[in-house]
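Here is how the chains run, residue by residue.
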Amino acid sequence: MTTEQIGDLLIKAGRQRSVTTTAQRLYALFQASQMRQPAAVEWAFGRQALALLRQFNAAIASCEELAAATVEAFEQHPDAQIIASFPGLGTMLGARLLGELGDDRSRFPDARALKCYAGSAPVTRASGKSHAVFNRRAKNQRLASLGYQWAFAC
């Protein structure tokens, strides 16, 4: 890598001042000989890094399998078509919504009760002539997070 390439990377990263001198300093730093560990220690660190990468790949594969199973189970639910038809609410968010709300349609008597449970309804405190409106702290955090992601996707 040349100093020009390093300078281009610095510019792409947003650097505006002293690009050339910083690129030359970084180039000299990268070209200098570095302290090394004994060969056996470097080999052991390399094996440990490979083992960690294998664990990371296994975790990624497990997450993908879990996501596929979640989508498959969600699509078998009778309300899946309705839930997935909302804008910005796909299969994964729909499955999370269904998991948080449950199947019992009589659980929430009205929309306001669901808003309170999700934490999107404000809390009003009034006493005499004073009147204050606050954010709701007591809420289902997973459902509130889902609502945030849903709004962001829209």
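Our subject in this report is the structure included herewith. Note that the coordinates shown come from a computational prediction; the quantities given were computed from them, not determined experimentally. (Residues numbered from 1 in each chain as written. Predicted model: local features only at pLDDT ≥ 70, side-chain atom pairs only at ≥ 80, totals over all residues. Heavy atoms only, no water.)

This part is about the pairing of strand β2 (residues 130–134). Every regular strand shows the same layout, with side chains that alternate between the two sheet faces. Two strands pair when backbone bridges link them, and strand β1 (residues 123–127) and β2 are joined in this way by 5 bridges, in the antiparallel orientation. Its bridge partner lying in β2, Val123 is registered against Phe134. Taking the residues that link successive antiparallel strands as the turn, the β1-β2 hairpin has 2 residues, and the phi of Gly128 there is positive, at about 65 degrees. (Pairing = 2+ DSSP bridges. Helix = DSSP H or I, 4+ residues; strand = E, 2+ residues; numbered from the N terminus.)

Applying the stated criterion across every chain, the model contains 3 salt bridges. Arg36 is the partner of Glu42 in a salt bridge, and the nearest nitrogen-oxygen pair spans 2.7 Å. For Glu42, a relative accessible area of 30% puts it in the partly exposed group. In this structure, Arg142 engages Glu100 in a salt bridge whose closest nitrogen and oxygen atoms are separated by 3.0 Å. Of this pair, Arg142 sits in helix α7 (residues 141–153) while Glu100 sits in helix α5 (residues 91–101), placing them 42 residues apart in sequence. (Salt bridge = Lys/Arg side-chain N within 4 Å of Asp/Glu carboxyl O. Buried < 20%, exposed > 50% of the residue type's maximum accessible area, 1.4 Å probe, protein only.)

Another aspect to go through is helix α1 (residues 3–12). Residues of α1 that are buried include every one of Ile6, Gly7 and Leu10, and no others. Here the buried residues of α1 occupy an arc of 100 degrees about the axis, which is enough to place them on one side. Facing away from the buried side of α1 by more than 90 degrees, the exposed set consists of Glu4, Ile11 and Lys12. The elements touched by buried residues of α1 are α2 (19–31). Positive phi shows up at Gly14, right after α1, with a value of about 105 degrees. (Arc of directions from axis to C-beta. Contact = heavy atoms within 4.5 Å.)

The next subject is the packing of aromatic side chains. Tallying each qualifying case throughout the model produces 3 aromatic pairs. Between the aromatic rings of Phe86 and Trp150, the centroid separation amounts to 5.8 Å while the plane-to-plane angle is 50 degrees, which identifies the pairing as tilted. Here Phe86, found in the loop between α4 (80–84) and α5, pairs with Trp150, found in helix α7; they are 64 residues apart in sequence, far enough to count as distant. For the pair Phe108 and Tyr117, a centre-to-centre distance of 5.3 Å together with 45 degrees between the ring planes defines the contact as tilted. One Lys or Arg, Arg107, reaches over the ring of Tyr117 and ends 5.0 Å from the middle of that ring. (Phe/Tyr/Trp six-rings, centres within 6.5 Å; stacked < 30°, edge-to-face > 60°. Lys NZ or Arg CZ within 6 Å of the ring centre and 35° of its normal.)

No statement about biological role is implied by the geometric values presented.
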